[in-house]
2 protein chains.
Amino acid sequence: MSDVTIKDIARMAGVSHTTVSRALNDSPLINPETKERIKSIAGSLNYTPNYSAKSLVLDRSYNLGLFFTTLHQGTSSGFLYAALRGVNDVIKDGYNLIVRGIDDYKSFHHVNRKSFDGIIVMSQSAADQPFIEYASQRSIPLIVLNRQIEMEGVWNLIPDDQSGAYRMTEYLLQCGHRRIAIIEGKRGFKSSHARKEGYLEALRSAGIEPEEELFIRGEYDFESGYRAMMRILELAARPSAVFCSSDDMALGAVKAAAERGLRVPDDISVAGFDDTLYSAFITPALTTVRRPIEEMSRAGAERLVALIEKRHVEDHNRMFRTELVIRDSVKSLLEGDE
Amino acid sequence: MSDVTIKDIARMAGVSHTTVSRALNDSPLINPETKERIKSIAGSLNYTPNYSAKSLVLDRSYNLGLFFTTLHQGTSSGFLYAALRGVNDVIKDGYNLIVRGIDDYKSFHHVNRKSFDGIIVMSQSAADQPFIEYASQRSIPLIVLNRQIEMEGVWNLIPDDQSGAYRMTEYLLQCGHRRIAIIEGKRGFKSSHARKEGYLEALRSAGIEPEEELFIRGEYDFESGYRAMMRILELAARPSAVFCSSDDMALGAVKAAAERGLRVPDDISVAGFDDTLYSAFITPALTTVRRPIEEMSRAGAERLVALIEKRHVEDHNRMFRTELVIRDSVKSLLEGDE
DNA sequence: CTGAGGATTGTTAACGTGTGCATAACATGA
DNA sequence: TCATGTTATGCACACGTTAACAATCCTCAG
């Protein structure tokens, strides 16, 4: 069962296996009638092509890789999910989607042209650099998402984190907040840097000098947000708002505030970044910045397939607009506000 | 570059390509010295075997499939993440892990022995049945996780949902609750049924007759939990506790309560099921039941690899113990309780 | 000196598919 | 009638690897 080959079909149809191969691949060379006959025989035998054999002769693996920096530390489940959905939506049949964490590799030996027709790297850290260079050197079609990269021939799609952070900070300022703390993301992540830059930029263009005391380092996860908020609440001069570089940290911050008897947003405002799935459903619903992970992944997958199949693509590199999502966790300090 | 084959190595080493093949596969047939020589040449040439060719002759694809019921509706990101991590931790090198939603297939044509050495189905619905039968008929090594299945030759690992729900309900009863509502899971999911059974069983063995009025249908997601809770709060005789069949629904329930001016757990108790990642960090921290998804997935992957490599395995089928996680969302109604 | 047998290596075919080139049948036009 | 072109098909090989079988060399007992 299921071990039918084109030779079996050829025997039954009274033709050579070459003709069968051509017929099943819709070659214009062969007679429409025989083509139909062969296809119907193939159908009735429940023929499935042997992809290993195809791979060998066509030099294509039919595998696409979706690589994350890590599947263990720092990758949030919502992030993974959005990326997977975006890519998966595009590739459908015809390709296998292989998911892996880069840090799972002891060596990159298994990463080569024969094993991957193309690779999407959802890059969250500069630690991915060696992997990206390795893949690039082996001339594997390559798309890097989420983190800015400067390499010739590598296509790059990234969210505009900095302007997202800028707009969030601007919004907090518009609400009348003047002393705004930031809980920063993981050290070494470019996204941490971009978000802080946006924050600083907004403060400065409002004529406010940033205070070092209000910069607290976090790790992007719940616990670190909790701990960071505890430190903020111990400050002699407490800020009126806290901008968290991730929603996960914002959740931790809200919890810390609650434990200290403070209500969000009445006693202190908290803003997040990411718009994870549950951010809308917790109490208070989180004011945050949406990163279009799924759209970015979809666009990445489309570009990768186009690249592999040598179709033309307009913009190799693109920035995806982040979006301010206003909910209930930030309070306006201005009088007469609705 | 990277197009070195064993024939190239053979030429350089002055031997036949067969010898090279044997050397690289550590065959005992060949001289240790030539073996070393060949290996070092292979290393210096940066040789990587062509897996398509290996696949063809060895009749193995080196692909493992991890299939979810859907990647779109009802699968929570935490669930996906835990499963992926569990499986990924085990297989490491040697296999490609291919992730897909069953409902992405228009036909199962691409699912066959040649394309998959083995398959893990993380089954969340009876709708998976045709897929499972298809794979089983094609005699693909197959492990079904999470949902009970009765098929000869198909290995099955499931969480003990019923006893988890039983223990949770028992705990609510011990806390003095007598009228306990249940927000049920998605219709047709076996897990929904098992959780309700555990709930009913616990009530009955405490001598309490379940009330139909307190059974509210949900869909496992945030919104449906929110809606279900709204209906519960409109009941003339309001229950003192609500057992939600998922944490996502419990979050929705907490939000609904808050909007109606009720505090959890002071005014009403809420219990969840799943122990998703953020359950510990929201306010109030959720009392829930932990399903060992990651452990189950790990065990499933181990069994699958053993099955493929024809190694012996003790227990083909197993139930994984769920665990009561007591946090802050359930209040004891008994006096003198701490 | 000879034959047996172990150790090591080589020859050749096979896996299932696609493709360059040859071939055959037939039509066309001068 | 013959040269030429068009259409449909087959032959033979290639892809990179493994494996059954054959071959060679060497050692050692009789």
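Cut-offs and rules
Residues numbered from 1 in each chain as written. Chains lettered and ligands numbered in written order. Predicted model: local features only at pLDDT ≥ 70, side-chain atom pairs only at ≥ 80, totals over all residues. Heavy atoms only, no water. Near = heavy atom within 4 Å. Polar contact = N/O pair within 3.5 Å; in protein donor to acceptor, adjacent residues only side chain to side chain. Nonpolar A, V, L, I, M, F, W, Y, C, P; charged D, E, K, R; others polar. Domains from an automatic or database assignment. Least-squares fit on C-alpha atoms with pLDDT ≥ 70 in both. Contact = heavy atoms within 4.5 Å. Helix = DSSP H or I, 4+ residues; strand = E, 2+ residues; numbered from the N terminus. Buried < 20%, exposed > 50% of the residue type's maximum accessible area, 1.4 Å probe, protein only. Buried area = accessible area lost by both parts, 1.4 Å probe. Salt bridge = Lys/Arg side-chain N within 4 Å of Asp/Glu carboxyl O. Phe/Tyr/Trp six-rings, centres within 6.5 Å; stacked < 30°, edge-to-face > 60°.

A. Here's a closer look at the protein's contact with DNA strand C. Ser21(A), Tyr47(A), Ser16(B), Thr19(B) and Arg22(B) are the nearest of the 28 residues found near DNA strand C. Within 4 Å of the protein, the atoms of DNA strand C are drawn from sugar and phosphate moieties in a proportion of 58%. For DNA strand C, a phosphate oxygen lies 3.3 Å from a polar atom in the backbone of Asn50(A). Contacts to DNA strand C include Ser16(B), whose backbone N or O atom sits 2.7 Å from a phosphate oxygen. Classifying every residue of the surface near DNA strand C gives 11 nonpolar, 13 polar and four charged.

B. Inspection of the domain arrangement of chain A at higher detail. By the assigned domains, chain A splits into domain 1 (6–47), domain 2 (63–158 + 293–320) and domain 3 (161–291). Using C-alpha coordinates to define each centre, domain 1 of chain A is positioned 64 Å away from domain 3 of chain A.

C. Fine view of the relation of the copies chain A and chain B. Take chain A, turn it by 180°, move it 0.0 Å along the axis, and it overlays chain B with an RMSD of 0.1 Å. Such a combination of rotation and displacement between the chain copies is what one expects of a two-fold axis. Measuring from the rotation axis to each C-alpha of chain A, the shortest distance belongs to Ile98(A), at 2.3 Å. A shared binding surface is used by both copies, with 98% of the interface residues of chain A retained as interface residues in chain B.

D. View of the environment of Gln137(A). All names here are of chain A. Inspection of the secondary structure puts Gln137 in helix H6 (residues 129–137). With a relative accessible area of 58%, Gln137 lands in the exposed category. Taking the C-alpha atoms as reference points, Gln137 and Asn112, separated by 25 residues in sequence, lie 9.7 Å from one another.

E. Fine view of the interface of chain A and chain B. Contact residues are listed per partner, giving 55 residues for chain A and 54 residues for chain B. Here chain A packs against chain B, burying approximately 5,400 Å² in sum over the two surfaces, 54% of which is carbon and sulfur. Seen at the junction of chain A and chain B, the total is four salt bridges. Here Asp3(A) ties to Lys114(B) by a salt bridge, and the two come within 3.3 Å at their closest N and O atoms. For the pair chain A and chain B, the number of links is 14 residue pairs in polar contact (both at pLDDT 80 or more). Looking at the side of chain A that touches chain B, the elements with two or more residues in it are helix H4 (51–58), helix H5 (77–91), strand S2 (96–101), helix H9 (222–233) and helix H10 (247–259) of chain A. With eight residues, H5(A) is the single largest residue contributor to the side of chain A that touches chain B.

F. Region of interest: the protein's contact with DNA strand D. Near DNA strand D there are 27 residues, and of these Thr19(A), Arg22(A), Ile6(B), Ser21(B) and Tyr47(B) occur at the shortest range. Within 4 Å of the protein, atoms of DNA strand D come from sugar and phosphate in 65% of cases. Within the backbone of Asn31(A), a nitrogen or oxygen atom sits 3.1 Å from a phosphate oxygen of DNA strand D. One of the side-chain N or O atoms of Tyr47(B) is found 2.4 Å from a phosphate oxygen in DNA strand D. When contributions to the surface near DNA strand D are tallied by element, the ones reaching two or more residues are helix H2 (17–24) and H4 of chain A together with helix H1 (6–13), helix H2 (17–24) and helix H4 (51–58) of chain B.

G. Here's a closer look at the packing of aromatic side chains. Per the counting criterion, the structure on display carries 26 aromatic pairs over all chains. When the ring of Phe67(A) is compared with that of Phe116(A), the centres are 5.7 Å apart and the planes differ by 65°; the resulting orientation is edge-to-face. Taken as a pair, Phe67(A) in strand S1 (residues 63–68) and Phe116(A) in the loop between S2 and strand S3 (118–122) lie far apart in primary sequence, 49 residues in all. The two residues Phe67(A) and Phe116(A) agree in class, both being buried. Each ring, one from Phe108(B) and one from Phe131(B), has its centre 5.3 Å from the other, and the planes form 85°; the classification is edge-to-face. Linking Phe108(B) in the loop between strand S2 (96–101) and strand S3 (118–122) with Phe131(B) in helix H6 (residues 129–137), this pair joins segments that are 23 residues apart in sequence. For Phe131(B), a relative accessible area of 1% gives the class buried.

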